[in-house]
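# Topology and contacts: notes
Take a look at the letters that make up each chain.
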Amino acid sequence: MSDPLAGLLSALDLTDTGARTREDIFTGHSQWQPHGRVFGGQVLAQALIAAQRTLPAERAAHSMHGYFLRPGSLDLPITFSVDRIHDGRSFSTRRTQAYQDGMPILSMIASFQDPDAGLDHQVDMPDDIPDPESLPTAAEVLKGFDHPIAKAWAYERPFDIRHVPTPIYLTVEGRNVAHQAVWLKTVSAMPDDENLHRAALVFASDFTIQESVIRRHGLPWVTPGLKVASLDHAMWLHRFGRADEWNLYVQESPNAVGGRGLAQGRIYSRSGVLLASVAQEIMVRVP
């Protein structure tokens, strides 16, 4: 793909087929992935866009909870059905189901709110994080590593992702700790559409958060037989931030048991504004 961000924006530009049941119906396609499956962050972002299409633009998402039910295929379109569960004076609730071949691959419920004043506080951003410009890109880290997934991570993701302290693509350096951070932003500028930036941030929230689990156990991504899959994903969108500017994604894993690992994260703007909180449980299997 010559322009991965254009591919993401195209995937988020869902088609309203005009079909209606009791629900609103949209369709979308997927970005190419080297492993042949739909990226979870993509279908989450698309589900959010589908729900937002049934609401005024100013009533924006503040929370979403999704379950990944089946792997999605890149070869099939995705159908999104949106159930308008509730519309109140300030809040709306939507349930979005994503289908392929008539089978659900994702179920998500999201809540939306009109702008409102109220109490305001946040946890501060860590102050010991190096600037993103001082860190290597994925392309620099993976240079010379001839593998389709490595090439995709290096050149075909719509986000520039830089790890703190170091990535775990090939090795886990230093102590086996259950925390890390990444700087991320889209590889080029995005349109001035706040809801599109929110969806792009949802897309990016599924990158690397699983690594806090496997880093704790000294497992790089190249570990033979390692299998990782997202089970569910929750996200709270606190404040607006642009996805095409540097944001810091702080990640940690408080628990792993029974073949599952829990990962949590916070996303800050470069200026230290807390934009979002994230939680995800994954399936992780090691031979």
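Thresholds, definitions, all that
Residues numbered from 1 in each chain as written. Predicted model: local features only at pLDDT ≥ 70, side-chain atom pairs only at ≥ 80, totals over all residues. Heavy atoms only, no water. Helix = DSSP H or I, 4+ residues; strand = E, 2+ residues; numbered from the N terminus. Rg over C-alpha atoms; globule rule 2.2 N^0.38 Å. Buried < 20%, exposed > 50% of the residue type's maximum accessible area, 1.4 Å probe, protein only. Contact = heavy atoms within 4.5 Å. Areas by Shrake-Rupley, 256 points an atom, 1.4 Å probe, with all protein chains shown as cover. Lys, Arg positive; Asp, Glu negative; His and termini not counted. Charge placed at Lys NZ, Arg CZ, Asp CG, Glu CD. Pairing = 2+ DSSP bridges. Axes fitted to C-alpha atoms, helices over the stretch in contact; angles between N-to-C directions. Core = buried A, V, L, I, M, F, W, Y, C linked by side-chain atoms within 4.5 Å. Phe/Tyr/Trp six-rings, centres within 6.5 Å; stacked < 30°, edge-to-face > 60°. Lys NZ or Arg CZ within 6 Å of the ring centre and 35° of its normal. Parallel < 35°, antiparallel > 145°, perpendicular 65-115°, else oblique. Left-handed = near helix turned anticlockwise from the far one by under 90°. Polar contact = N/O pair within 3.5 Å; in protein donor to acceptor, adjacent residues only side chain to side chain.

Below, the discussion takes up the overall build of the protein. From N to C terminus, the protein includes 6 helices and 12 strands. Against the compact-globule benchmark of 19 Å for 287 residues, the protein has a radius of gyration of 18 Å, which places it among compact chains. Counting only C-alpha atoms and orienting by the principal axes, one finds that the protein spans roughly 55 × 45 × 40 Å. Within the protein, buried positions represent 51% of all 287 residues. Taking the contacts inside the protein whose residues are at least 6 apart along the sequence as the reference set, 72% of them involve residues at least 24 apart. Working note: accessible area of the protein is about 13,600 Å², and carbon and sulfur atoms make up 52% of it. In the protein, 26 side chains carry a positive charge and 33 a negative one; their mean positions are 5 Å apart.

Moving on: the sheet that holds strand 9 (residues 227-237). Read across the open sheet, the 12 strands follow the order 1-2-4-5-6-3-9-12-11-10-8-7; overall the sheet is antiparallel. Each edge of the sheet is formed by a strand with only one pairing partner; in this case those strands are strand 1 (15-20) and strand 7 (159-164). Each adjacent strand pair in this sheet contributes to an overall mean axis angle of 25°, direction not counted. Helix 2 (residues 40-52) contacts strand 2 (24-28), strand 3 (60-68), strand 4 (78-87), strand 5 (91-100), strand 6 (103-113) and strand 9 of the sheet and is inclined by roughly 55° relative to strand 6.

Another aspect to go through is the nonpolar core. One finds Val43, Met64, Phe80, Leu106, Phe159, Met235 and Ile267 to be the most contacted residues of the largest nonpolar core, which totals 60 residues. Those residues in contact with phenylalanine 159 that sit more than four places away from it in its chain are Leu8, Leu184, Lys185, Thr186, Val187, Ala200, Phe203, Ala204, Phe207 and Ala243. Counting 9 residues, the second largest nonpolar core, distinct from the first, contains Ala181, Leu248, Val250 and Leu274.

What follows deals with the packing of aromatic side chains. One pass over the structure, following the stated rule, counts 7 aromatic pairs. Relative to phenylalanine 203, the ring of phenylalanine 39 has its centre 5.0 Å away and its plane inclined at 70°; by these criteria the two rings are edge-to-face. One end of the pair, phenylalanine 39, is in the loop between strand 2 and helix 2; the other, phenylalanine 203, is in helix 5 (residues 194-205), and 164 residues separate them in sequence. Accessibility expressed as a relative area gives 13% for phenylalanine 39, which makes it buried. By relative accessible area, phenylalanine 203 is classed as buried at 1%. With 4.9 Å between their ring centres and 20° between their planes, phenylalanine 39 and phenylalanine 207 make a pair best called stacked. On the criterion of sequence distance, the pair formed by phenylalanine 39 in the loop between strand 2 and helix 2 and phenylalanine 207 in the loop between helix 5 and helix 6 (211-216) is long-range, its members being 168 residues apart. Here phenylalanine 39 and phenylalanine 207 have matching classes, each one buried. Within the aromatic cluster, the residues linked to one another by ring pairs are Phe39, Phe159, Phe203 and Phe207. Of note, arginine 157 hangs over the ring of phenylalanine 207, and the distance from its end group to the ring centre comes to 5.2 Å.

In this section: the side chain of threonine 208. Structurally, threonine 208 can be placed in the loop between helix 5 and helix 6. Judged by its relative accessible area of 6%, threonine 208 falls in the buried class.

The axes of two packed helices give the description: the angle between them and the distance between them. Where helix 2 contacts helix 5, the axes come no closer than 7 Å and their chain directions differ by 155°. One finds that helix 2 runs roughly antiparallel with respect to helix 5. Note on packing geometry: the crossing formed by helix 2 with helix 5 is right-handed. Between helix 2, through Gly41, Gln42, Leu44, Ala45, Leu48, Ile49 and Gln52, and helix 5, the contact on the second element is made entirely by Asn195, Leu196, Ala199, Val202 and Phe203.

One can find aspartate 160 in strand 7. Distance in space between the C-alpha atoms of aspartate 160 and lysine 185 is 5.5 Å, their sequence separation being 25 residues. Setting aside chain neighbours within four positions, we find aspartate 160 in contact with Thr137, Trp183, Leu184, Lys185, Val187 and Trp246. Among the polar contacts listed, one links the side chain of aspartate 160 to the side chain of arginine 162, at a separation of 2.9 Å.

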